[in-house]
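Residues per chain, in single letters:
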Amino acid sequence: MSNTKVSLPVIRRLPRYFRYITELKAMGKTRVSSSQLAEIMGSTPSQVRQDFNCFGGFGQQGIGYSVDLLYDEISHLLFPNDKLNAILVGAGSLGATIANFVLNDAEGVNLTAIFDNNLNLVGKTLHNIKILDAESIVDYCHENKVDLIIMCIPKSAAEKFAPVLVNTDVKGIWNFTHYDFSIFDKSLVVENVHLRDSLMALSYRISHTDEQ
């Protein structure tokens, strides 16, 4: 891999490359050119080559890329070690949906526990995982290897949870709340997913198609 620090836009494109490469691999394709990838990605061949050069290039100029090599290399970049162990906070409807996705469709993540502060839910199961009391999160994280926390709780609850989060020593947050944990702790690696923002952006684009 290149020693150059990889920019966030390039990192965000890696999962898309991986998704399309996985599809090409499933179709039995053995090679793909930067032009073909650019067409799929909606970018340019030079952009594809620049992105791949951040990680060493992945191929030999003029003959395209080996699909199997791209799959292996990008897979290793995205999932360099064993699966990341995750816990989910919030067993409501959104939490249930995200848990189902992680258990059945996500790659590289192992959901080990689910927590909630609703005592009517504690002790029950969600997707065959027992729901634990949110007050036991710190102890659980100290007793088990936890790489990331998936947050599916209201903003007010997330804000109250932030000081507790520091005591878990977990550094990665997949955040579906409207509270930015990185403001509270700059050392956290946070991926914010704002469903409302995304929907509003889509609404704007639909409503202003003539201006684009």
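Look a little higher up for the structure.
These notes cover the structure that comes with them. Residue positions are counted from 1 within each chain, in the order its sequence is given. Two thresholds apply to this predicted model, a pLDDT of at least 70 for residue-level local features and 80 or more for giving and counting side-chain atom pairs, whereas whole-chain, interface and lining totals are computed over all residues. Derived side-chain values reflect all non-hydrogen atoms in the structure, with water molecules and hydrogen atoms excluded from consideration.

Points about a nonpolar patch on the surface
Item 1. Exposure above 30% relative accessible area and no salt bridge define the residues that can form patches, which grow by joining like charges within 9 Å and nonpolar side chains of Val, Leu, Ile, Met, Phe, Trp and Tyr within 5 Å. The Shrake-Rupley method, run with a 1.4 Å probe, gives the accessible areas here. Residue values count only the displayed protein chains as cover. Salt bridge, as used here: a side-chain nitrogen of Lys or Arg that lies within 4 Å of a carboxyl oxygen of Asp or Glu. On the surface, a nonpolar cluster with roughly 310 Å² of combined accessible area is contributed by Leu199, Leu202 and Ile206.
Item 2. Numbering of helices and strands runs from the N terminus, with a helix taken as a DSSP run of H or I at least four residues long and a strand as a DSSP run of E at least two residues long. Note that Leu199 resides in helix 9 (residues 195-207).

Remarks on the environment of Ile153
Item 1. Counting through the fold element by element, Ile153 comes out in the loop between strand 7 (148-151) and helix 7 (155-168).
Item 2. Sequence separation of Ile153 and Asp116 is 37 residues, and the distance between their C-alpha atoms is 8.8 Å.
Item 3. Contacts were defined at the residue level, with two residues in contact if any of their heavy atoms lie within 4.5 Å. Those residues within four positions of Ile153 in sequence are excluded, and the remaining contacts are Val89, Gly90, Ala158, Phe161 and Thr177.

Considerations on the packing of aromatic side chains
Item 1. Classification of ring pairs uses Phe, Tyr and Trp, with its six-membered ring standing for Trp, and accepts pairs whose centres are within 6.5 Å; under 30 degrees between planes counts as stacked, over 60 as edge-to-face, and the remaining range as tilted. By the definition in use, this model includes ten aromatic pairs.
Item 2. Ring geometry for Phe101 and Trp174: centres 6.3 Å apart, planes at 50°, overall tilted. You can see Phe101 sitting in helix 5 (residues 93-104) and its partner Trp174 sitting in strand 8 (residues 172-175), a full 73 residues away along the chain.
Item 3. Remark: exposure states derive from per-residue accessible area (1.4 Å probe, protein chains only) relative to the maximum for the residue type, with buried under 20%, exposed over 50%, and partly exposed in between. Since its relative accessible area comes to 24%, Trp174 is described here as partly exposed.
Item 4. Two limits define a charge over a ring: the Lys NZ or Arg CZ must be within 6 Å of the ring centre, and within 35 degrees of the ring normal. One residue, Arg19, lies across the ring of Tyr20, its end atom 5.0 Å from the ring centre.
Item 5. Stacked on the ring of Tyr71, the Lys or Arg Lys25 has its end atom at 5.1 Å from the ring centre.

What about helix 3 (residues 45-53)?
Item 1. Among the residues of helix 3, those classed as buried are Val48, Asp51 and Phe52. Each buried residue of helix 3 sits inside an arc of 95° when the element is viewed along its axis, so together they form one side.
Item 2. Each element contacted by the buried residues of helix 3 is listed here: helix 1 (8-26), helix 2 (34-41), strand 2 (65-66) and helix 4 (67-78). Comment: arc refers to directions from the helix axis out to C-beta atoms.

Quick word on the sheet that holds strand 6 (residues 129-133)
Item 1. Strand pairing requires that DSSP identify at least two bridges connecting the strands. Strand order in the open sheet made by the seven strands is 5-6-4-3-7-8-9, with mixed pairing throughout. Of all the strands in the sheet, just strand 5 (125-126) and strand 9 (189-192) have a single pairing partner and so form its edges.
Item 2. Here strand 3 (residues 84-89) pairs with strand 4 (residues 109-116) via six bridges, running parallel. For Leu84, the partnering residue across the bridge sits in strand 4 and is Val109.
Item 3. Only C-alpha atoms enter the line fits that serve as axes; for helices the fit covers just the stretch in contact. Angles between N-to-C directions range over 0 to 180 degrees. Running over the sheet, helix 5 touches strand 3, strand 4, strand 5, strand 6, strand 7 and strand 8 and is turned about 160° from strand 4.

Focus: the pairing of strand 7
Item 1. Of the two faces of strand 7, the one carrying Leu148 and Ile150 and the one carrying Ile149 and Met151 are both buried.
Item 2. Sheet topology note: the strand 3/strand 7 ladder contains four bridges and is parallel. Bridge pairing links Ile87 to Ile149 in strand 7.
Item 3. The sheet contact formed by strand 7 and strand 8 spans four bridges and is parallel. Pairing of Met151 across the sheet is with Asn175, part of strand 8.
Item 4. Crossover handedness is defined by viewing with both strands directed away from the observer: a clockwise path from the first strand over the helix to the second marks the crossover as right-handed. On the question of chirality, the crossover connecting strand 7 to the parallel strand 8 by way of helix 7 is right-handed.

Considerations on the packing of helix 1 against helix 4
Packed helices, taken two at a time, are described by the angle between their axes plus the distance between the axes.
Item 1. Close contact between helix 1 and helix 4 brings their axes to 9 Å; oriented N to C, the two are set at 145°. For the element pair helix 1 and helix 4, the recorded crossing hand is left-handed. Taken together, the residues of helix 4 that come into contact with helix 1 (itself represented by Leu14, Pro15, Tyr17, Phe18, Ile21, Thr22, Leu24 and Lys25) are Val67, Asp68, Leu70, Tyr71, Ile74, Ser75, Leu77 and Leu78.
Item 2. Under the convention adopted here, Pro, Cys and the residues Ala, Val, Leu, Ile, Met, Phe, Trp and Tyr are nonpolar, Asp, Glu, Lys and Arg are charged, and Gly plus all remaining residues are polar. Class assignment for the residues of the contact of helix 1 with helix 4 results in twelve nonpolar, two polar and two charged. Take the far helix as the reference: if the near one is turned anticlockwise from it by less than a right angle, the crossing is left-handed, and if turned clockwise, right-handed.

By themselves, these are just geometric observations and shouldn't be taken as functional.
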